[in-house]
Amino acid sequence: MHAPSYALAARPVVPPDFSVLYARFRPPVQAKCRRLLGGTGASDDVVQETFVRLWKADVASEENPRVVMAWLYRTCTRLSIDVLRDRKRTQPRDLTDEPLPCGVDLAASTEARAAIAALADAVSEDELAVAVLCRVDGLSQLEAATLLEVSERTVRRMLDRFDERTRSLRKELSS
Amino acid sequence: MNGHISAFALDVHWAEGRPPGDLEAHVATCERCRGYLASLDASARREHPTPRIVVSLQARRPRNWVLPIFSTIALAAGVALFVKAGAPREYVGTKGTPAVELFIERDHRIDRWDERTPVHPNDRLALHVACEDFPRVVVAAPVSGVWTTVFDGPCPLQSEALPFSLTVDDQPGDEHLALVWSKEPMKGASLARAIDERRRQRGVWVTTLDLKKTAP
C-alpha cells in the first residue's frame, strides 16, 4: 500500500454532501445573479463558477450558513462584475415582475444596475461590489462592510462616490 | 422587527430553513419578502444539476468545453483505476511524485473515487492532478489502438482539477487513460513510446489508468 499523496491530501476533498450544499444555497445565489445580470446564460455561468470555487475552497465544510452565504455573495458579486465588464454597455433587464425583498428598492436598484453596467470599466471592483450589495441587493452599509470585510466607513465612502458618479451619469444622459 | 430586510438577510434565513424569530415574524407581515422566499422555494423545486466541477469561467472556455471526443473514445463505466505496472495500487502518488485523483459526477453528486465503485454510462469524470516539478501534463486515450491526446497543457501551479471532464459512454469494453507529466512538450510517436514504456525517468512520468465499466 502506498502512502497517500501529501499533495492531494492537503487539498480539500469534495464533501460527500456537496450536492446538499448546492441545493441549499443555489436558489439564493441564482436569484442574486439574476438581479444583477438578468436571467441569461451568463448568470447561470456565474452561479456555476461560484459553486466550483466553493468546492475548491475550505468554506464548503463551514457549518454556519451566514458564513457560507457571505462567501458566496462576495464571490458571485465579483464574478458578476467581471461579466459586466466583458459585456460593456447593455440595457439591464426590467425587474418589475421579479420577486424582490422589501429591502430592495426597485427604482434605486434599476438605476444602480444601469450605472454599474455603464461604469463597470471606469470604477474599481471594490466600489462596484459595494454598489451591487447596497444598491442592487439592498444590504445595509453595515451588512456590506461585514460581508466585504472592510470598515463601514469605507463602504460609506465608496457608496458616496458611486452615488456621485450615478448623478453625473444621469445628468450626462439627460443632456 | 422594523425596517426593511436585505436580500442577504432573507437568503441566510431561507438557507437556515426559516427558523422562527423576528425575521420570520417580519415575513409573515411583509408581502414582498414572502413573495421573495416563495420564489426561492420554487427555484429549489426545479432541478438544477450540480455544476461540472472543472469548467472555469475565468479561463473563458466555451460552455461545451466538456470533451465530446470521449463519446468516440468509448470511455465507459467502472472507475476501476489501476496503475498499469503490477498489481492494483492506490491511484494517488507518493511524496515527490506526480499524482492523479479521480472524481465522479453522477446523479448530481460529485464524489471522489473510492477505488471500488464502478462507473456507469453518463458518469462525468474529472482528473485532479498534482504535478510536483513537472511543468506539463498530457492526458491521452487510445483511439483505434493509437494513443491520442485528449488534453495537453501546462500543469496547474497547485494540485487541482484539469480543465475538462470526460463523459462515460455506453460502448462495451474497458478503456484506458494515460497521464504523462513531462519537462518538455510531448506529442505523437514520442508520447506513445513513453506511454508504452510506462516511462518514469529523464523528465517524464507516466501513469496509465485502466477503467472498467459496468451497466448501472
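Residues numbered from 1 in each chain as written. Chains lettered and ligands numbered in written order. Predicted model: local features only at pLDDT ≥ 70, side-chain atom pairs only at ≥ 80, totals over all residues. Heavy atoms only, no water.

(A) Highlighting the overall build of chain B. For chain B, the count of helices and strands is 5 helices and 10 strands. Here chain B, with 216 residues, has 51% of them falling under the buried criterion. Of the contacts formed within chain B by residues at least 6 apart in sequence, a portion of 68% connects residues at least 24 apart. (Helix = DSSP H or I, 4+ residues; strand = E, 2+ residues; numbered from the N terminus. Buried < 20%, exposed > 50% of the residue type's maximum accessible area, 1.4 Å probe, protein only. Contact = heavy atoms within 4.5 Å.)

(B) Spotlight on the state of the cysteines. Residues and elements named next belong to chain B. Enumeration according to the criterion identifies 1 disulfide over all chains in this entry. What pairs with cysteine 131 in a disulfide is cysteine 155, and their sulfur atoms sit 2.4 Å apart. Taking the sign of the torsion about the S-S bond as the criterion, the disulfide between cysteine 131 and cysteine 155, at about -85 degrees, is left-handed. One end of the pair, cysteine 131, is in the loop between strand E3 (124-130) and strand E4 (136-143); the other, cysteine 155, is in the loop between strand E5 (146-154) and strand E6 (160-161), and 24 residues separate them in sequence. (Disulfide = S-S within 2.5 Å.)

(C) Geometry of the packing of aromatic side chains. Scanning the model with the defined rule gives 2 aromatic pairs over all chains in all. Ring geometry for A:Tyr22 and A:Phe51: centres 4.8 Å apart, planes at 85 degrees, overall edge-to-face. In this pair, A:Tyr22 sits in helix H2 (residues 18-37) while A:Phe51 sits in helix H3 (residues 41-56), placing the two residues 29 residues apart along the sequence. Since its relative accessible area comes to 7%, A:Tyr22 is described here as buried. For A:Phe51, a relative accessible area of 0% puts it in the buried group. Between A:Tyr73 and B:Phe8, the ring centres sit 5.1 Å apart and the planes meet at 80 degrees, which makes this aromatic pair edge-to-face. One end of the pair, A:Tyr73, is in helix H4 (residues 65-87); the other, B:Phe8, is in helix H1 (residues 7-15), on a second chain. As far as burial versus exposure is concerned, A:Tyr73 and B:Phe8 are alike and both buried. (Phe/Tyr/Trp six-rings, centres within 6.5 Å; stacked < 30°, edge-to-face > 60°.)

(D) Representation of H1(B) in the model. All names here are of chain B. A large share of H1 lies buried, amounting to 9 of its 9 residues. Among all positions of H1, only Ala7, Phe8, Ala9, Leu10, Asp11, Val12, His13, Trp14 and Ala15 are buried. Just downstream of H1, glycine 17 is the residue with a positive phi angle, here 85 degrees.

(E) Up close: the pattern of salt bridges. All names here are of chain A. Taken as a whole, this structure holds 15 salt bridges over all chains when the rule is applied. Note that aspartate 126 and arginine 78 form a salt bridge whose closest N and O atoms lie 3.3 Å from each other. Linking aspartate 126 in helix H6 (residues 125-136) with arginine 78 in helix H4, this pair joins segments that are 48 residues apart in sequence. Residue classification places arginine 78 among the partly exposed residues on the basis of a relative accessible area of 24%. Across the salt bridge formed by glutamate 127 and arginine 161, the nearest N and O atoms sit 3.4 Å from each other. With glutamate 127 in helix H6 and arginine 161 in helix H8 (residues 152-174), this residue pair connects regions lying 34 residues apart in the sequence. Using a relative accessible area of 1% as the deciding quantity, one classes glutamate 127 as buried. We classify arginine 161 as partly exposed; its relative accessible area is 36%. The network of salt bridges with shared partners includes Lys32, Arg35 and Asp137. (Salt bridge = Lys/Arg side-chain N within 4 Å of Asp/Glu carboxyl O.)

(F) Region of interest: the packing of H4(A) against H1(B). The contact between H4(A) and H1(B) brings their axes to 9 Å, and the two run at 130 degrees. Of the possible angle classes, the one that applies to H4(A) and H1(B) is oblique. Relative to H1(B), H4(A) is oriented so that their crossing is right-handed. Within the contact between the two elements, H4(A) uses A:Pro65, A:Arg66, A:Met69, A:Ala70 and A:Tyr73 and H1(B) uses B:Ala7, B:Phe8, B:Asp11, B:Val12 and B:Ala15. (Axes fitted to C-alpha atoms, helices over the stretch in contact; angles between N-to-C directions. Parallel < 35°, antiparallel > 145°, perpendicular 65-115°, else oblique. Left-handed = near helix turned anticlockwise from the far one by under 90°.)

(G) Up close: the pairing of strand E1 (residues 99-106) of chain B. Residues and elements named next belong to chain B. Taken across its 8 residues, E1 has 7 buried, putting it largely inside the fold. Across 4 bridges, the pairing between E1 and strand E2 (residues 109-112) is antiparallel. Across the sheet, residue isoleucine 104 finds its bridge partner in E2, namely aspartate 111. Counting the residues in the hairpin turn of E1 and E2 gives 2 residues, including aspartate 107, whose phi is positive at 50 degrees. (Pairing = 2+ DSSP bridges.)

(H) Here's a closer look at unusual backbone geometry. The backbone of A:Glu149 shows a phi angle near 60 degrees, a positive value even though the residue is not glycine. A residue is classified by how much of its surface remains accessible, and A:Glu149, at 62% relative accessible area, is exposed. Phi at B:Arg198 takes a positive value of approximately 50 degrees, unusual for a residue other than glycine. Summarising the element assignment, B:Arg198 is placed in the loop between helix H5 (188-196) and strand E9 (200-201). When its relative accessible area of 24% is taken as the criterion, B:Arg198 is described as partly exposed.

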